[in-house]
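One letter stands for each residue in the lines below.
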Amino acid sequence: MDDERQRSDHGPLAGFTVGVTAARRADELAALLQRRGAAVLHAPALRIVPLADDSELLAATKQLIDQAPDVVVATTAIGFRGWIEAADGWGLGDALLERLRAVELLARGPKVKGAVRAAGLTEEWSPASESMAEVLDRLLEEGVDGRRIAVQLHGEPLPGFVESLRAGGAEVVGVPVYRWLPPEDLGPVDRLLDAAVSRGVDAVTFTSAPAAASLLSRAEERGLLPELLAAFGHDVLPACVGPVTAVPLQGHGVETVQPERFRLGPLVQLLCQELPGRARALPVAGHRLEIRGHAVLVDGELRTVPPAGMSLLRALSRRPGWVVPRADLLRALPGTGRDEHAVETAMARLRTALGTPKLIQTVVKRGYRLALDPATDAKYTDA
């Protein structure tokens, strides 16, 4: 009974490390991941300019109060609430609300609609899909030629949205409710980049397009962009909260995973499916060995393994059942040492961590091999 409890205590993300690039709601996302067993590496890839301090928003608000638009498009709940709060702080709150009551107000999705109504306003229309493409289609169907349309910007690119409106003859006014800037401390971002290119994380989450763009930009500054893109292409899973967030990554040819519902909870649930599904599972010495990022499941029991041991285990698992020479294992170890005794030390610690020494066989004068079950030997060892 104790063994069963021990096996079920670890969450679906146990043994995996997930990078979090969010600046806003990062604690919430980290808590969701940790609750499911993940180790979290937090590296905010940007910072947000406080609304009340943003002179651009103040200027745009005054302009809209002085010269009424025909349509206002509200794109995010937090941005819309922040805009109203900032206007209140400047003594412009009542004037802004009065102006918004007199225009066609479109809300992108239910959460934004809730923020609009909480401000005492009523939206003209809102798509159930939360799709900016659907908002654009509606505007173009109505006709935008000669109309003045204010769009609440939210720090993320709106691919083709503004361009399409202008091409249709509209005057588009951007309302920058908050702006993204690079983080003041680049240390955490650099540590995440180093971890990604060295495969020290299993996934990196993105909840805004600016965060994705910022991480890619910093990688380019450090000359690590090709290595980062290679990591995203093979070993490190880039997970985005939605399609808009994925745009900067897709621009570099990176394929991402996204949940059907663009929320933090579904994003975490997606990782709970994807990461265990990518883990290598092998039948070894009568046991089931599942190799995760920084830990191993042996018959469903979580075993934490030191980094050197994980490096050896991955080297052995690339060709399970084959003998891997000590020299090759030495090259797989972190660092550039030349003493093969380091392999023996790391191997002893690996066996202790696994709790089942017979999983790895010593082949005298040759090296080590995973003790693949005889019934599956041919499947894994045919070259």
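Residues numbered from 1 in each chain as written. Predicted model: local features only at pLDDT ≥ 70, side-chain atom pairs only at ≥ 80, totals over all residues. Heavy atoms only, no water.

1. Observations regarding the overall build of the protein
1) Next: Secondary structure assignment for the protein yields 17 helices and 17 strands.
2) Next: Overall, the protein is about 85 × 45 × 35 Å in size when its C-alpha atoms are taken along their principal axes.
3) Next: Of the contacts made within the protein by residues no fewer than 6 positions apart, 63% connect residues no fewer than 24 positions apart.
4) Next: For the protein, the exposed area adds up to about 18000 Å²; of that, 49% sits on carbon and sulfur atoms. (Helix = DSSP H or I, 4+ residues; strand = E, 2+ residues; numbered from the N terminus. Contact = heavy atoms within 4.5 Å. Areas by Shrake-Rupley, 256 points an atom, 1.4 Å probe, with all protein chains shown as cover.)

2. Notes on the state of the cysteines
1) Next: Counting across every chain of the model gives zero disulfides.
2) Next: No disulfide involves cysteine 240; its nearest neighbouring cysteine sulfur is the one of cysteine 272, lying 17 Å away.
3) Next: Owing to a relative accessible area of 0%, cysteine 240 belongs among the buried residues under this scheme.
4) Next: A relative accessible area of 14% places cysteine 272 in the buried class. (Disulfide = S-S within 2.5 Å. Buried < 20%, exposed > 50% of the residue type's maximum accessible area, 1.4 Å probe, protein only.)

3. Concerning the packing of aromatic side chains
1) Next: Under the criterion given, the structure shown has two aromatic pairs.
2) Next: Relative to tryptophan 83, the ring of phenylalanine 80 lies with its centre 6.2 Å away and its plane at 90 degrees, an arrangement referred to as edge-to-face. With a gap of three residues between them, phenylalanine 80 and tryptophan 83 both fall in helix H4 (residues 77-89), about one helical turn apart.
3) Next: Tryptophan 83 sits in the buried class, given a relative accessible area of 0%.
4) Next: Each ring, one from phenylalanine 206 and one from phenylalanine 232, has its centre 6.2 Å from the other, and the planes form 80 degrees; the classification is edge-to-face. Pair noted here: phenylalanine 206 is in strand E9 (residues 203-206) and phenylalanine 232 is in helix H11 (residues 225-234), with a separation of 26 residues, a long-range link.
5) Next: Note on phenylalanine 206: relative accessible area 1%, which makes it buried.
6) Next: Residue placement shows arginine 319 over the ring face of tryptophan 322; its charged tip is 3.9 Å from the ring centre. (Phe/Tyr/Trp six-rings, centres within 6.5 Å; stacked < 30°, edge-to-face > 60°. Lys NZ or Arg CZ within 6 Å of the ring centre and 35° of its normal.)

4. Side note on the sheet that holds strand E6 (residues 148-153)
1) Next: An order of E5-E4-E6-E7 is seen for the four strands of this open sheet, with the pairing classed as parallel. At either end of the open sheet lies a strand with only one pairing partner, and these are strand E5 (104-107) and strand E7 (171-176). Looking at each pair of strands side by side, their axes are set apart by 20 degrees on average, direction ignored.
2) Next: Across four bridges, strand E4 (residues 71-74) lies against E5 in parallel orientation. Directly across from valine 72, in E5, lies its bridge partner leucine 105.
3) Next: Strands E4 and E5 of the sheet are contacted by helix H7 (residues 132-142), whose axis makes an angle of about 155 degrees with E5. (Pairing = 2+ DSSP bridges. Axes fitted to C-alpha atoms, helices over the stretch in contact; angles between N-to-C directions.)

5. Structural notes on helix H9 (residues 187-197)
1) Next: Most of H9 is tucked away: eight of the eleven residues are buried.
2) Next: Within H9, the full set of buried residues consists of Pro188, Val189, Asp190, Leu192, Leu193, Ala195, Ala196 and Val197.
3) Next: Remark: arginine 199 follows H9 within two positions and exhibits a positive phi of approximately 65 degrees.

6. Details of the packing of H9 against helix H10 (residues 209-221)
1) Next: Interaxial distance between H9 and H10 falls to 10 Å at its minimum, and their mutual angle equals 75 degrees. As judged from the angle between their axes, H9 and H10 are roughly perpendicular. Of the residues in H10, those touching H9 at Val189, Asp190, Leu192 and Leu193 are Leu215, Arg218 and Ala219.
2) Next: Class assignment of the residues belonging to the contact of H9 with H10 gives a composition of five nonpolar, no polar and two charged. (Parallel < 35°, antiparallel > 145°, perpendicular 65-115°, else oblique. Nonpolar A, V, L, I, M, F, W, Y, C, P; charged D, E, K, R; others polar.)

7. Digging into the pairing of E9
1) Next: Residue alternation in E9 divides its side chains into two sets, Ala203 and Thr205 and Val204 and Phe206, and both sets are buried.
2) Next: Two strands pair when backbone bridges link them, and strand E1 (residues 17-20) and E9 are joined in this way by three bridges, in the parallel orientation. Looking at the pairing, valine 20 lines up with threonine 205 of E9.
3) Next: Where E9 meets strand E10 (residues 237-240), four bridges bridge the pair, whose relative direction is parallel. What sits directly across from threonine 205, in E10, is alanine 239.

8. Thoughts on the side chain of threonine 76
1) Next: Within the fold, threonine 76 resides in the loop between E4 and H4.
2) Next: A distance of 3.1 Å separates a polar atom in the side chain of threonine 76 from the backbone nitrogen of glycine 79.
3) Next: Separated by 2.9 Å, the side chains of threonine 76 and glutamine 152 make a polar contact.
4) Next: Beyond its immediate stretch of four places on either side in the chain, threonine 76 contacts Val112, Gln152, His154 and Tyr178. (Polar contact = N/O pair within 3.5 Å; in protein donor to acceptor, adjacent residues only side chain to side chain.)

9. A short note on the sheet that holds strand E16 (residues 360-363)
1) Next: In spatial order, the strands read E15-E17-E16; together these three strands make up an open sheet with antiparallel pairing. Of all strands in the sheet, those bounded by a partner on one side alone are strand E15 (324-325) and E16.
2) Next: Running over the sheet, helix H16 (residues 341-354) touches E16 and strand E17 (367-370) and is turned about 150 degrees from E16.

10. Quick word on the pairing of E6
1) Next: Of all six residues in E6, five are buried, a share of seventy percent or more.
2) Next: Pairing of E4 with E6 involves three bridges; the strand directions are parallel. Counterpart to valine 71 in the pairing with E6 is isoleucine 149.
3) Next: Bridge analysis of E6 against E7 gives six bridges, and the strand direction is parallel. Bridged to leucine 153 within E7 is proline 176.

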